[in-house]
Amino acid sequence: MKINLQEMTIEELKAFAAEKGEKPFRGKQLFKWIHGGAADFDEMTDLPAGFRKLLKEETTIRSAEIIRSQKDSRDGTEKFLYRLGDGETVEGVFMKYRYGNSLCLSSQVGCRMGCTFCASTIDGLVRNLTAAEMLAQVYEAERKTGEKIGHIVVMGMGEPFDNYENLNRFLRLLHSPEGRKMSYRNMTVSTSGILPGIRRFGEDFPAAGLAVSLHRLTDEGRSEIMPVNRSYPLDELLDACREYTEKTGRRITFEYALIRGVNDRDEDVELMKRRLRGMLCHVNLIPLNNVEENSFTGSSRARAGEIGEKLIRSGIPATVRRELGSEIDGACGQLRRRTAAENME
Ligand code: SAH
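Residues numbered from 1 in each chain as written. Predicted model: local features only at pLDDT ≥ 70, side-chain atom pairs only at ≥ 80, totals over all residues. Heavy atoms only, no water.

J.: Can you tell me about the overall build of the protein, naming the residues and giving the values?
T.: For the protein, the helix and strand inventory stands at 12 helices and 14 strands. For 345 residues, the compact-globule estimate of 2.2 N^0.38 gives 20 Å, and the protein sits close to it at 21 Å. C-alpha atoms of the protein, sized along the principal axes, occupy 70 × 50 × 35 Å. The buried share of the protein, taken over its 345 residues, is 54%. Looking at the protein as shown, the accessible area adds up to about 15300 Å², and 47% of this sits on carbon and sulfur atoms. In the protein, which carries 52 positive and 52 negative side-chain charges, the distance between the mean positions of the two groups comes to 4 Å. (Helix = DSSP H or I, 4+ residues; strand = E, 2+ residues; numbered from the N terminus. Rg over C-alpha atoms; globule rule 2.2 N^0.38 Å. Buried < 20%, exposed > 50% of the residue type's maximum accessible area, 1.4 Å probe, protein only. Areas by Shrake-Rupley, 256 points an atom, 1.4 Å probe, with all protein chains shown as cover. Lys, Arg positive; Asp, Glu negative; His and termini not counted. Charge placed at Lys NZ, Arg CZ, Asp CG, Glu CD.)

J.: Account for the environment of A141, with residues named and values stated.
T.: Here A141 is to be found in helix α4 (residues 131–145). Exposure remark for A141: the relative accessible area of 0% places this residue in the buried category. Separated by 107 residues in the primary sequence, A141 and I34 place their C-alpha atoms 15 Å from one another.

J.: Describe the pairing of strand β4 (residues 78–84), with residues and values.
T.: Among the seven residues of β4, six are classified as buried, and the element is accordingly described as predominantly covered. Pairing between strand β3 (residues 64–71) and β4: seven bridges, direction antiparallel. Within β4, the position partnered with S69 by the bridge is F80. Hairpin connection from β3 to β4: six residues lie between these consecutive antiparallel strands, with G76 at a positive phi of about 80°. Between β4 and the antiparallel strand that follows it, strand β5 (residues 89–97), lie four residues; G87 among them carries a positive phi value of about 90°. (Pairing = 2+ DSSP bridges.)

J.: So what about the site of the ligand? Which residues, and what values?
T.: Neighbouring the ligand are 15 residues, the closest being G158, S190, S213, H215 and N289. For the ligand, an oxygen atom lies 3.5 Å from a polar atom in the backbone of S192. A distance of 2.6 Å is found between an oxygen atom of the ligand and a side-chain nitrogen or oxygen belonging to S213. Contact with the protein chains hides 90% of the accessible area of the ligand, taken as 530 Å² for the molecule alone. (Near = heavy atom within 4 Å. Polar contact = N/O pair within 3.5 Å; in protein donor to acceptor, adjacent residues only side chain to side chain.)

So, in structure tokens, the structure goes:
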């Protein structure tokens, strides 16, 4: 197996260069190339030819390739299927916003959280993504679109706090002042509610954004659709969220996927008002994307709009997520499943 340079820090690359008989500063040059968008070693013209040859033979700087993409012609949203070194696949979505381009990326192949409405978790967790594989989703998307990505949201397949060490390395590499220089403010991580992860993230990345998938506001109801709630119940989760906002001063985003008849009733809205009032938060309402394998149906956009208004009127900031990529089925995990099914035919 080739040595993966994409996920090494400058210090690690310096040590690597020294090991190969090169001056340590070559490590820093390498880092700048890798995170400055170099597609291969031939571009690294300030490295000695002999070293470049060795790098080509023994190492790699590309950890994923885009094997399928679907573009929504109306809003420019583009969905990618990435193939990793071992043939596994994950999804990412490129989105254009007024404030710039954003990529929604995956943190695991599959997922073990078991949320009943989600396509990513149907076959369980296959494996964690490495930091390099998360970075590659950003860099390959930039190459494919020819556009710069200014924001990332770790909201694709997988539970990022179930893969904390790799997530941690990935975010730091992407932020590195000698490399890609993405501000932590432009990074958001979404969790199903793993409490130790929320606490640690608040300490490690106080400037980054946190999104928490709530979806229901009683323990009984939430445990039914999100098994993680049995380990980390609602009261504790909301307490941890309050701690997080107090410590970081950052507004938390609550994801709320609207499921017809399950969590979009008037009583659900009343619960939301009661439990979220006074919190430094923002509720992101999104009608559930219908997934073939389960029986849930998304609420109508009209109902989503109504709920949004009710929340706003009671002082809780809320938006209905703009329907991006409606032509290309946005629900994460679906493109991967469909491609796997086609390959079996
Ligand atoms: N595991 C993390 C991040 C990945 S899921 C988390 O749970 O937050 C990203 C978001 O998509 C979560 O809010 C998740 O609940 C939501 N989601 C999953 N399946 C969906 C579907 N079919 N329609 C709409 N949102 C969905």
